[in-house]
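# Structural characterization, general
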Amino acid sequence: MKNKEDKTSSNSNSQNIESINKNIRKENQGGKSAAEKAEDKKRKANLPEAFAKLDIKRMGITAAIVLLIFLVVAIILPAAGKAQYVDAYEVYINDTSIGAMSDVSGLETLVDYIYSEYEEHYNMEVSRDVKISYTGIRIEEEYLCPSSYYEEILKSNIDVNVIAWVIYVNNCPAIALERREDAQWVLEQLLSPYKDEEGAENRTDLGFLENVEIKSEAISYDKVVDKETALRIMQYGDDIEIQRHKVVSGESLYNIANSYGIKLADLRKANPWLNEAGKIYKGDVLIVTKINNIVNIKYSEYVERQEEIPYETVVIEDDSLYETQTKVRQEGVTGLRNIKANVVYINGMESSYEILMADEPSRQPVERILVKGTKSVPAVLKLASSGDMPLPVSGYRITSGFGSRDTGIEGASTFHNGIDLAVPYGTPIYASEAGKVTFAGSSGGYGLLVKISHEGGVETRYGHCSTLLVKSGQYVEKGEVIALVGSTGTSSGNHVHFEVRINGTPVDPQR
Ligand SMILES: [Zn+2]
């Protein structure tokens, strides 16, 4: 920026000033102030006065001459040899000493001049909030700040803050600009997409969701930005690279937002030109960078539209169903009515609305009726549902699991409704759970088969038996021997085909 050149050109001078300042500070920090030291020297210099009181008349001329020479030596030498003390002022800026000066009469004017120079340079008003004070001291002349450095020493010790125009959002400073008009321009630019688009004439209360103010404030010049930069930062945040996406056919706002990991609302906010329907076309370019939430824009619109009236859900208990079961007896239907409303939009998206007037429903809502079971679930149904039914033989090897399979055997199902447990011929088969035998006989591919019906709609089947030990209609206990293993029906070796069904549908016995 402009002021950079200024700073570099004054560097060499600043160093001189700095060393002068250091000397003065050193002097002051040495315990005695400059004034006290000067007093010490003065006491020593008082010696010649004592000599002056001697009666010259009583002395010879020679003695008088000798005395005169002595006086000259005594007076001149200390002054010429080491230090010359002078009256001066120690000058303070905001209570910090900046050095000793012999003449302070023009300091205020000089400070004013420095401020004016900055104002001209920045083309902005600067804050003139500075306190200059001084105290009289006596100091060795060599430590005086040469008057040719006054301007530089003041410049290097005055903090210059410009009077900038700061946009505040909810009482936090967001950005500083040179002029009030610039700050206003930024705010107007933020609002303009919502002001100028089609249909905007129906909008009211267009403004910021946040409390946005412009205040003048003294601030370092390097914090002030131009209006375009300010607008970009207000919209997209600081130091971010803005990413763009070119729409290809088949894309929607929703999946574009998803693919960049941003919210749909953020995508809309970054592209305020999108209309409410959010229609995009192949070739459109969208900004897909999640934009800064410094400000959000809100407005209200009066609308007349049809609104759905939600339906209610009624739950009816039914003890013929298990507590885990629900059934919909009647689907709900939303009602319809016309409303007049005040809709509040934030960043172009509807956020809430207030109904001003509602007509009688043109369609009444129909309630949804849900039937919920109350019957507790039998233990056997829980076992069957979770794939934990006890297996009917021990010491088995599973030769075929539940589900799709390639048997290689003609006539065997490609979907295996149970599991095959290979055990030697004649091994006892136990009832998995207690129940009623509903079938005991020969049944096609199953060969000799036993079916047991349990509580809760659960059934177990045991196939390919060599001998059946139960009859249809008989109740069996869990673990009771019901048959012996064989290889009847569609079978390639001795095994039991064990099947579990819930309400007729086979489930995996070992999930
Ligand atoms: Zn099988």
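Residues numbered from 1 in each chain as written. Predicted model: local features only at pLDDT ≥ 70, side-chain atom pairs only at ≥ 80, totals over all residues.

### Comments concerning the overall build of the protein chain
Within the protein chain, the regular secondary structure consists of 12 helices and 27 strands. Residue burial in the protein chain is summarised as follows: out of 511 residues, 20% are buried. For the protein chain, long-range pairs separated by at least 24 residues make up 73% of all intrachain contacts whose partners lie at least 6 apart in sequence. (Helix = DSSP H or I, 4+ residues; strand = E, 2+ residues; numbered from the N terminus. Buried ≥ 20, exposed ≤ 12 C-beta atoms within 10 Å, placed from the backbone. Contact = placed C-beta atoms within 7 Å.)

### Some points on the packing of helix H8 (residues 180-196) against helix H9 (residues 227-236)
Their axes nearest at 9 Å, the elements H8 and H9 cross at an angle of 40°. In terms of axis orientation, H8 runs oblique to H9. The hand of the H8/H9 crossing is right-handed. Packed against H8, whose contacting residues are Asp182, Trp185, Val186, Gln189 and Leu190, the element H9 presents Lys227, Ala230, Leu231, Met234 and Gln235 at the interface. When its residues are assigned to classes, the contact of H8 with H9 shows six nonpolar, two polar and two charged. (Axes fitted to C-alpha atoms, helices over the stretch in contact; angles between N-to-C directions. Parallel < 35°, antiparallel > 145°, perpendicular 65-115°, else oblique. Left-handed = near helix turned anticlockwise from the far one by under 90°. Nonpolar A, V, L, I, M, F, W, Y, C, P; charged D, E, K, R; others polar.)

### Considering the confidence of the model for the protein chain
The pLDDT averaged across the protein chain works out to 83; a share of 81% of its residues lies at or above 70. pLDDT under 50 marks residues 1-59. Its contacts with residues more than four places away, or in other chains, come to 53 contacts. (pLDDT = per-residue confidence, 0-100.)

### What about the sheet that holds strand E2 (residues 96-101)?
Paired through backbone hydrogen bonds, the strands of a sheet run either parallel or antiparallel to each other. Strand order in the open sheet made by the three strands is E2-E1-E3, with antiparallel pairing throughout. Among the strands making up the open sheet, the edge pair consists of E2 and strand E3 (132-140). Across the sheet, the mean angle separating the axes of adjacent strands is 30° when strand polarity is ignored. Where strand E1 (residues 85-93) lies against E3, nine bridges are found, and the strand directions are antiparallel. When the sheet's bridge partners are listed, Tyr92 is paired in E3 with Ser133. (Pairing = 2+ DSSP bridges.)

### Concerning the nonpolar core
By size, the foremost hydrophobic cluster in this structure holds 20 residues, and its most contacted members are Ile429, Val450, Tyr462, Cys465, Ile482 and Ala483. Ranked by residue count, the leading element in this core is strand E22 (residues 448-453), at four residues. In this structure Cys465 touches Ile429, Gly447, Leu448, Val450, Ala483, Leu484, Val485, Gly486 and Thr488, once residues within four positions along its chain are discounted. (Core = buried A, V, L, I, M, F, W, Y, C linked by C-beta atoms within 7 Å.)

### Focus on the pairing of strand E25 (residues 481-485)
Of the pairings in the sheet, the one linking strand E20 (residues 428-430) to E25 comprises three bridges and is antiparallel in character. Note on E25: the bridge partner recorded for Tyr430 is Val481. Note: strand E23 (residues 458-468) against E25, three bridges, orientation antiparallel. Bridge pairing in E25 places Thr467 opposite Leu484.

### A look at the environment of Met349
Structurally, the position occupied by Met349 is in strand E14 (residues 349-358). Classification of Met349 as partly exposed rests on a count of 13 C-beta atoms within 10 Å. Separated by 84 residues in the primary sequence, Met349 and Ala265 have C-alpha atoms spaced 7.4 Å apart. Setting aside its immediate chain neighbours within four residues, Met349 contacts Ala265 and Arg268.

### Focus: H9
Those residues of H9 not exposed but buried are Ala230, Met234 and Gln235. Each buried residue of H9 lies within a common arc of 125° when the element is viewed along its axis, so the set occupies one face. Buried residues along H9 sit against strand E5 (172-177) and H8. Gly237 lies just past H9 and shows a positive phi near 85°. (Arc of directions from axis to C-beta.)

### Focus: the sheet that holds E5
Pairing is antiparallel across the open sheet formed by three strands, whose spatial order is E5-E4-E7. If you trace the sheet from one side to the other, it starts and ends with E5 and strand E7 (212-220), each paired once. When strand polarity is set aside, the average angle formed by the axes of neighbouring strands in this sheet is 40°. For strand E4 (residues 161-169) and E5, the ladder comprises five bridges, and the chain directions are antiparallel. Along E5, the bridge assignment pairs Val169 with Cys172. Here H8 sits on the sheet and contacts E4, E5 and E7; the angle it forms with E4, its principal contact strand, is near 20°.

### Examining the pairing of strand E12 (residues 326-330)
Among the five residues that make up E12, zero are buried, leaving the element largely open to the surroundings. Pairing analysis gives four bridges linking E12 to strand E15 (residues 368-375), with the strands arranged antiparallel. For Val328, the partnering residue across the bridge sits in E15 and is Leu370.

### Here's the deal with the environment of Pro310
Relative to the elements of secondary structure, Pro310 occurs in the loop between strand E10 (297-309) and strand E11 (313-322). Owing to 10 C-beta atoms within 10 Å, Pro310 belongs among the exposed residues under this scheme. Each C-alpha atom of the pair Pro310 and Pro365 lies 6.7 Å from the other, and the pair is 55 residues apart in sequence. Not counting residues within four places of it along the chain, the set of residues in contact with Pro310 comprises Thr334 and Pro365.

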